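Spelled out, the chains give:
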Amino acid sequence: MVENKELIKVVEETVSRDDVKYVIGYKRGTYGFQIKPAFAYSAEDAKEFFYSPLCSKNLATYPLLEEKLPLRRGEEAEHKKIGIVVKGCDSRAIIQIIQEKGLEKEDVVLIGIPCKGVIDPKKIAKRFPKQSKFVDVEENNNDEYILEIGGTSHKIPKDELLSDVCKSCEYPNPPLYDILIGEAEEEFQPEHFNRVDELEEKTIEKRWEYWEKHFQNCIRCYACREACPLCYCKTCMADLLEPQWIRRSVNLSENTAWNVMRAFHLAGRCISCGECERSCPVNIPLMELNKFVEKEVKEMFDYTAGLDTEEKPFLGSFRPDDPEDFIS
Amino acid sequence: MKIGVYVCECGSNIASTVDVEDLVEQAKEFPYVEVSRVYKYVCSDPGQVLIKQDIEEKQLDRIVVAACSPRMHEPTFRAVLEDMGLNPYVLEIVNIREQVSWVHDDKSKGTAKAASLLKGAVLRASLMHPLERKKVGVTHNALVIGGGIAGIQASLDLADMGFDTTLVEKSATIGGKMSQLDKTFPTLDCSQCILSPKMVDVNRHPNIDLLALSEVVEVDGYVGNFKVKIKKNPSYVLADKCTLCDDCVPVCPVIEHDEYNQGFSPRRAIYIPYPQAVPASYLIDPNSCLGIDPLICSKCKDVCGPEAIDFDMKPEIIEKEVGAIIVATGYEPYPIENIGEYGYGTIPDVISGLDFERIVSASGPTDGTIRRPSDGKIPKTVVFVHCAGSRDPSKHLPYCSKVCCMYATKHALQYKHLVHDGTAINFFIDIRTAGKDYEEFYQRAAEEDQVIYIRGKVSEVFQDGDKILVKGADTLTGETVELHADLVVLATGLMPSAGTKEIASLLNLSVGMNGFIREAHPKLKPVDTAISGVFVAGTATGPKDIPDAVSSASGAASRAAGILAQDELEIEGTVAQVDEDLCRGCGLCAEACPYSAIEINAINKYGHALRVAFVNEALCKGCGSCAAACLNGAINQLGYTDSQILALIGALGEE
């Protein structure tokens, strides 16, 4: 359990360091169960920081959005660190970005949070569709979420609101952090990502039908890309015009091309935070694609993304004994 | 834009399966096509003239030739374009022979396939840009890594051609494995007698800088301009002062196994590898000497008249600039102790082929009398086991080590010549005698010298009293064979040496399944590697006998000289190009590049240090791996840009 007092204290201390520019964390939102990213530039700003099972958002996207404005001649770039509040998966995203040289470890201060899983905002919004005022949620020791709406206390079994990816999470604790808030969570043997297994049992035709149904709905808003901490190319291939890999028209063919391309570009890189799926407005089960690729990568090449900053990127490593039976 | 299309009949090679007239007519409708023609042999001189005339009269600026593989005539047609003042890279060749007419029977389908390939090529050609061939200077020096017979030959050849050559050898003397051999097949001339004159030549050649006890630790740069760091390990004896008087040896209290004699005789901690060693100098084995650190003993230093011993000698790093590198890092024998059933290492009278070389050698531990290691008796029955470790894909080396049949035959023959009443028995799977006079040599051993050959594999070897029980099968009669021998000699297979593996990884050379360095082409470029400017000689690419090793060394030297003799090298224009605005500096391309041609460097972008990929065009081979690896298309392969490939695919996808 994360004590907000302790979190605020750590953020206050971190942001007061001379070498830290600001700290990114969570604050309470203004609507329903939505939380907001918070940026603390001073100890005063830290007071609004909080952490609860609602804090699903992966904040690892922010350091890469840092704008680098042109400097005047003679002016030197400021090399200050950015503090970030990270859960297990968020920390793995940072590790993966460091591995890909998008950041250096020196660029960030990681405030680690042992995570018991986050609430899927879609599931909770469905449960309380009319809630317009912000409500915080707590987790008790009985695997239940507790929340109070209009003086009525609700107890909801954790399983009903928990984000699907969290059910198969192998890394609740941040593998990389500078400061850890509270005690590390017990590592548990997660259940397999059942949705992939279920899908794999279907015939190819059925699977294709399934994806066709979902891709048909895609509106190509690219929310998945924007929420993903590892979609940080300066210009996405989907936006290139010369050559134009994917046409802008929204139809099944182009939608399929986009979603499949993204899944491939995340091979050996996706760290299963589930942000793409949670942010998708048309409920495409994107983590089924990502988890499928993750499983293939793990089984064939014994590779797991986002665990070691020194490891070679998956797509850049080659071993003579790599399996080749998929080439036929 | 005006595109000229030329369809080749290639006699009936293409015309029999592709309706060339129809193809030419279809091509006239393709975008930008100004002229479309068919000719019997476009590569012939009149065919070339046809293209030249059209370029001049019709002002063509892109040429598409539908003929055989570009591997055949791309240079021919590029020269045609250059002759007419066009850039050689605005040429596209469509392979309608190997990829269409030779692999299909149905003429109408063949024609349709050729037409869609041709359309793709025309669309691709319309997106082509002239490319530039850059030039780089050349350092006229060479580096040879490894001082075995191949390295020696390559160094001598290059030095004789006038190139300054650095020969780096890891051990204290050059000569390699050949120096340990007693006699060479099939002529039975003395190995050391034919090798040592070459070793002496290396030593006194004014163009050769011999660095023994040295290792290459770092290689930077590219063809024509390599920068090499060599670590020279200390010998603790000043070669220029040492007079080779041998006074130091008797006083040394440390006794070690002598590597040169395969451990069958002793040496001291201060020693000379063997009398003919080059450079001729004593050295101290730092692992066993009591004087290096801490200084407990200095007996050798005390007796050394010319004061040649220096315990304080330190390793030094020598830097060299060279234009070409020859890798001649050789082989090592397969560790036959891995073959448990043959008892090597546990039964003293089971020895390896190289052990036998020393035992039979007049300069060896037994002064040329064949004695077995356990009790020094002269063995009366000797079993030679072929393929010890070789041709055993399930457990040991999968390949044939090429020389074992011949050297085991040589050993049997040598044994029979020295022990007239002895019996020599060879167990073989097949006898492979492919080489000049090799078959005759084998026949002579079997017929004139009564060496017994049994076709079959030895299954197990046991110690049985003071004899060795050898169990095997005779696969010709189908019977099991059991016999008692006094000595068993295992014809050990060859595997890449540790040095070969180290250098391959240092230079980023690709290696095959078995760890041997892979040639650029197994048949047509047998001494080139995938890295330009790096060549390979001797057994580093696979098992070879001495004549093969020597000729590959001369081949490698002559290929290297082809670079060293130039003042400037032209680089292919089809190299990778980075779009700095798209590149995010992740380095995936650098990891994917098999030629180490990409580095990630920081550039100054409005005051911010920005990491982007940088392609060294001299190293880039244009393979496109980087372009494929890049996640957001920030690398393009010039001559094969994404847009061009997409146009090609688009045409192929049309109904």
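Keep in mind it's a predicted model, so treat the numbers as computed, not measured.

1. Overview of the domain arrangement of chain B
Residue and element names in this part refer to chain B. Under the domain assignment, chain B is made up of domain 1 (3-126), domain 2 (141-233 + 315-330 + 500-564), domain 3 (234-313), domain 4 (332-495) and domain 5 (576-638). In this structure, domain 3 and domain 4 have C-alpha centres spaced 35 Å apart. Facing four residues of domain 3, the contacting portion of domain 4 comprises seven residues. For the side of domain 3 that touches domain 4, the class distribution of residues is one nonpolar, three polar and no charged.

2. Overview of helix 12 (residues 438-448) of chain B
Residues and elements named next belong to chain B. Looking at helix 12, one finds that the buried residues are F441, Y442 and A445. Buried residues of helix 12, seen end-on, are gathered within an arc of 95° and therefore sit on one face of the element. Along helix 12, the residues that are exposed and aim more than 90 degrees away from the buried face are E440, Q443, E447 and E448. The first or second residue beyond helix 12 is Q450, which carries a positive phi of 50°.

3. Points about the interface of chain B and chain A
Where interface size is given, it is often the accessible area lost as the parts come together that is meant. On the side of chain A, 22 residues touch chain B, which itself brings 19 residues to the contact. Put simply, the parts of the chain that give the side of chain B that touches chain A at least two residues each are helix 15 (588-592), strand 33 (608-615) and helix 17 (642-653) of chain B. Of the residues contributing to the side of chain B that touches chain A, the split by class is eight nonpolar, seven polar and four charged.

4. As for the pairing of strand 26 (residues 479-485) of chain B
Residue and element names in this part refer to chain B. Judged from the seven bridges that link them, strand 25 (residues 467-474) and strand 26 form a sheet pairing that is antiparallel. Bridge pairing links A473 to T480 in strand 26. Hairpin connection of strand 25 to strand 26: four residues between the antiparallel strands, including G478 at a positive phi of 80°.

5. Some remarks on unusual backbone geometry
Residues and elements named next belong to chain B. Cis geometry marks the peptide bond from F185 to P186; its omega dihedral reads -10°. Within the secondary structure, P186 is located in the loop between strand 8 (183-184) and strand 9 (189-190). Cis rather than trans, the peptide bond between V278 and P279 has omega equal to 0°. Within the secondary structure, P279 sits in the loop between strand 15 (270-271) and strand 16 (283-284).

6. A few points about the domain arrangement of chain A
All names here are of chain A. Domain assignment breaks chain A into domain 1 (4-66 + 77-180) and domain 2 (194-316). Summarising the inter-unit geometry, the C-alpha centres of domain 1 and domain 2 are found 24 Å apart. Counting only elements with at least two residues in the side of domain 1 that touches domain 2, the list comes to helix 3 (88-99), helix 4 (121-127) and helix 6 (164-167). Ranked by residues supplied to the side of domain 1 that touches domain 2, first place goes to helix 3 with nine residues. In the side of domain 1 that touches domain 2, the residues fall into 10 nonpolar, seven polar and seven charged.

7. Re the nonpolar core
Considering soluble globular proteins, one finds that nonpolar side chains tend to be buried as a cluster. Membership of the largest hydrophobic core comes to 97 residues, with the highest contact counts inside it found for A:V86, A:I94, B:C589 and B:C626. A total of six residues in this core trace back to one element, the largest contributor, which is helix 3 of chain A. Once residues within four sequence positions are removed from consideration, B:C626 is found in contact with B:A576, B:C589, B:A592, B:C593, B:I598 and B:I635. Formed by 76 residues, the second largest nonpolar core is a distinct cluster that contains B:C252, B:A537, B:I546 and B:A560.

8. Considerations on the sheet that holds strand 29 (residues 534-536) of chain B
Strands in a sheet are paired, the pairing made by backbone hydrogen bonds, and the direction either parallel or antiparallel. Residue and element names in this part refer to chain B. Pairing is parallel in the open sheet, where five strands are placed in the order 10-7-6-18-29. Two strands bound the open sheet, and with one partner strand each, they are strand 10 (208-211) and strand 29. Recorded for the sheet is a direction-independent mean angle of 20° between the axes of neighbouring strands. Direction of pairing for strand 6 (residues 141-145) relative to strand 18 (residues 324-327): parallel, over a ladder of four bridges. The residue of strand 18 that forms the bridge with I145 is V327.

9. Here's the deal with helix 11 (residues 404-418) of chain B
Residues and elements named next belong to chain B. Between its terminal C-alpha atoms helix 11 stretches 21 Å, which fits the 21 Å expected from 15 residues at 1.5 Å a residue. With 12 of 15 residues buried, helix 11 lies mostly within the body of the structure. Turning to helix 11, the residues buried within the fold contact strand 8, helix 10 (353-360), strand 21 (381-388), strand 22 (423-428), helix 12 and strand 27 (487-492).

10. Some details on the packing of helix 5 (residues 107-126) of chain B against helix 17 of chain B
All names here are of chain B. Contact geometry of helix 5 with helix 17 gives a least axis separation of 8 Å together with a crossing angle of 150°. As judged from the angle between their axes, helix 5 and helix 17 are roughly antiparallel. Seen from above, helix 5 lies across helix 17 with right-handed handedness. Seen from helix 5, the contacting residues are S116, K119, G120, L123 and R124; seen from helix 17, they are Q644, A647, L648, G650, A651 and L652. Across the contact of helix 5 with helix 17, the residue classes break down as five nonpolar, four polar and two charged.

11. Quick notes on the sheet that holds strand 6 (residues 144-149) of chain A
Residues and elements named next belong to chain A. With respect to topology, three strands assemble into an open sheet ordered 5-6-7, the strand pairing being antiparallel. The strands lining the two open edges of the sheet, one partner per strand, are strand 5 (137-139) and strand 7 (152-157). Strand-to-strand twist in this sheet, taken as the mean axis angle between neighbours without regard to direction, amounts to 25°. In this sheet, strand 7 lies alongside strand 6 in antiparallel orientation, the contact comprising six bridges. Note that in strand 7 the partner of L147 across the bridge is H154.

What counts, and at which threshold
Residues numbered from 1 in each chain as written. Chains lettered and ligands numbered in written order. Predicted model: local features only at pLDDT ≥ 70, side-chain atom pairs only at ≥ 80, totals over all residues. Domains from an automatic or database assignment. Contact = placed C-beta atoms within 7 Å. Nonpolar A, V, L, I, M, F, W, Y, C, P; charged D, E, K, R; others polar. Buried ≥ 20, exposed ≤ 12 C-beta atoms within 10 Å, placed from the backbone. Helix = DSSP H or I, 4+ residues; strand = E, 2+ residues; numbered from the N terminus. Arc of directions from axis to C-beta. Pairing = 2+ DSSP bridges. Core = buried A, V, L, I, M, F, W, Y, C linked by C-beta atoms within 7 Å. Axes fitted to C-alpha atoms, helices over the stretch in contact; angles between N-to-C directions. Expected span 1.5 Å × (residues − 1). Parallel < 35°, antiparallel > 145°, perpendicular 65-115°, else oblique. Left-handed = near helix turned anticlockwise from the far one by under 90°.

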